[in-house]
Amino acid sequence: TGTPLHCSLYEQLTRTPPVYLVHTVLSAILLSPPPLPHPRPPPTMPSATKGVLVQCDSPMKQVILKLDDDHASSGRGRFIIRDLGAALLIHAWACDAIERRLEELHDENNYTFIS
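Residues numbered from 1 in each chain as written. Predicted model: local features only at pLDDT ≥ 70, side-chain atom pairs only at ≥ 80, totals over all residues. Heavy atoms only, no water.

Moving on, we get to the nonpolar core. Counting nine residues, the largest nonpolar core consists of I64, L67, F79, I80, L88, I90, A94, C95 and I98. Of all the secondary structure elements, the ones that give two or more residues to this core are α3 (58–73), β3 (87–91) and α4 (95–108). (Core = buried A, V, L, I, M, F, W, Y, C linked by side-chain atoms within 4.5 Å. Buried < 20%, exposed > 50% of the residue type's maximum accessible area, 1.4 Å probe, protein only. Helix = DSSP H or I, 4+ residues; strand = E, 2+ residues; numbered from the N terminus.)

Next up on the list: the packing of α3 against α4. In contact at an axis separation of 11 Å, α3 and α4 are set at 115 degrees when each is read in the N-to-C sense. When you trace α3 past α4, the crossing you get is right-handed. Facing α3, whose interface residues are M60, V63, I64 and L67, α4 presents R101, L102 and L105. For the contact of α3 with α4, the per-class residue count stands at six nonpolar, no polar and one charged. (Axes fitted to C-alpha atoms, helices over the stretch in contact; angles between N-to-C directions. Left-handed = near helix turned anticlockwise from the far one by under 90°. Contact = heavy atoms within 4.5 Å. Nonpolar A, V, L, I, M, F, W, Y, C, P; charged D, E, K, R; others polar.)

Time to look at the sheet that holds strand β2 (residues 80–83). In any sheet, the strands associate via hydrogen bonds between backbone groups, in a parallel or an antiparallel arrangement. The strand order across the open sheet built from three strands is β1-β3-β2, with neighbouring strands paired in antiparallel fashion. Of all the strands in the sheet, the pair left with one neighbour each is β1 (51–55) and β2. Across the sheet, the axes of successive neighbouring strands diverge by a mean angle of 25 degrees, strand direction being ignored. Its contacts with the sheet place α3 against β1, β2 and β3, and it is angled at close to 140 degrees to β2. (Pairing = 2+ DSSP bridges.)

What follows is about the layout of surface pockets. Of the voids in this model, the largest pocket is the one considered here, and its volume is about 220 Å³. Around the largest pocket sit L67, D70, H71, R76, F79, W93, A94, A97, I98, R100 and R101, which together line it. Those elements giving two or more residues to the lining of the largest pocket turn out to be α3 and α4. In terms of residue count, the dominant contributor to the lining of the largest pocket is α4 (four residues). For the lining of the largest pocket, the residue count by class is six nonpolar, one polar and four charged. (1 Å grid on protein atoms, 1.4 Å probe; cavity = no way out; pocket = protein on both sides within 12 Å on 5 of 7 lines; lining within 4 Å. Points joined across faces, edges and corners; volume = space filled by probe spheres on them.)

What follows is about the side chain of K61. Residue placement: K61 occurs in helix α3. Separated by 2.5 Å, the side chain of K61 and the backbone oxygen of G85 make a polar contact. (Polar contact = N/O pair within 3.5 Å; in protein donor to acceptor, adjacent residues only side chain to side chain.)

Quick look at the structure:
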């Protein structure tokens, strides 16, 4: 015998066994949608930096890294944009100064044998 149409929802729920009520509540909890993830931060615009890719052997790379440290310690900032392992990406404005300094170091450390 069914529930009369004029019964309220409260009356229908109080007539059902307690086990059914627990099952109904649990299924409502389990079937509820998952919480929404945290909102994403707004996208940022990519930035571009003009640079020169310098490929060299490991000793020369160490000399350039030392020059970069000296340049940064003097308060003028760094000229290396990124260390890429086998190469260095440096600011384009620093190429001439690095070349001059490397030539100076080469001249200081170049010796000729007199026999």
